[in-house]
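Geometric and topological summary
Here is what each chain is made of, one letter per residue.
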Amino acid sequence: MSDTYNKEKTPIESITADQLRDKVKMLRDQGHRLVQISATRLPDEVELTYSFDLQDHLTSLRVVLPGTDTQLPSISMIYGCAILYENEIHDLFNVHVDGLTVDFKGNFYNTSVKYPFGGMTAPCAAPAKTPAANP
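Report follows, based on the coordinates. (Residues numbered from 1 in each chain as written. Predicted model: local features only at pLDDT ≥ 70, side-chain atom pairs only at ≥ 80, totals over all residues. Heavy atoms only, no water.)

Re the overall build of the protein
In terms of helices and strands, the protein carries two helices and six strands. Listed N to C, the secondary structure of the protein is β-α-β-β-β-β-α-β in terms of helices and strands. Taken over 135 residues, the protein has a buried fraction of 35%. (Helix = DSSP H or I, 4+ residues; strand = E, 2+ residues; numbered from the N terminus. Buried < 20%, exposed > 50% of the residue type's maximum accessible area, 1.4 Å probe, protein only.)

And the structure:
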């Protein structure tokens, strides 16, 4: 196998959150299937990548949101399976997704740290308590 990454074959288009629904609807109308939605926490922002496939050709949309008070329109009315990704992104990254067709209201994941990737401080469990030493 000698498949190599080819930027021309795998474009990533940067768009705004306001453009998201229109772009996704256009891809759906062309017959693309939703492959994945990923989120990445950066120092001052959250980067979301939506990937779509049509006849073994991958196309991605990238939306960059501010690090706090993040709002994102849901695409779950266009691709029903997006509810899983969007609820996950809300629960892990504290991104508020407007218009979810099925909203778990922050209960999709039960994590020990609320929004573990919602800030720049790394989440960690509390240190284990050690038994007191015998005098």
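A look at the sheet that holds strand β1 (residues 12-15)
The strand order across the open sheet formed by four strands is β1-β4-β3-β2, and the pairing between neighbours is mixed. Bordering the open sheet on either side are β1 and β2 (33-42), each of which pairs with just one other strand. Neighbouring strand axes in the sheet, compared pairwise and without regard to direction, differ in orientation by 20° on average. Across the sheet, helix α1 (residues 20-29) touches β1, β3 (45-54) and β4 (57-66), and the angle it forms with β4 is around 170°. Packed onto the sheet, helix α2 (residues 82-93) meets β2 and β3 and runs at close to 5° relative to β2. (Pairing = 2+ DSSP bridges. Axes fitted to C-alpha atoms, helices over the stretch in contact; angles between N-to-C directions. Contact = heavy atoms within 4.5 Å.)

With respect to the side chain of D91
Along the chain, D91 falls in helix α2. Of the polar contacts made by the side chain of D91, one reaches the side chain of H90; its length is 2.9 Å. (Polar contact = N/O pair within 3.5 Å; in protein donor to acceptor, adjacent residues only side chain to side chain.)

Points about the nonpolar core
By size, the foremost hydrophobic cluster in this structure holds 27 residues, and its most contacted members are L20, Y50, L72 and I75. Elements with a contribution of two residues or more to this core: α1, β2, β3, β4 and α2. The leading source of residues in this core is α2, at five residues. Excluding residues that lie within four positions of it along the chain, Y50 makes contacts with L20, Q36, I37, T59, S60, L61, V63, L72 and I75. (Core = buried A, V, L, I, M, F, W, Y, C linked by side-chain atoms within 4.5 Å.)

Here's the deal with the packing of aromatic side chains
This structure, assessed with the given rule, holds one aromatic pair. Plain terms: the ring middles of F52 and Y79 are 5.8 Å apart, the flat faces sit at 45° to each other, and that makes the pair tilted. Residue F52 is located in strand β3, and its partner Y79 is located in the loop between β5 (71-73) and α2; the two are separated by 27 residues in the primary sequence. For the pair F52 and Y79, one class covers both residues: buried. (Phe/Tyr/Trp six-rings, centres within 6.5 Å; stacked < 30°, edge-to-face > 60°.)

Here we look at unusual backbone geometry
The general pattern is negative phi for most residues beyond glycine and trans for most peptide bonds. At Q55, a residue that is not glycine, the phi angle is positive and equals roughly 50°. Position of Q55 among the secondary structure elements: in the loop between β3 and β4. Non-glycine residue D56 carries a positive phi angle of around 65°. Locating D56 in the fold gives a position in the loop between β3 and β4.

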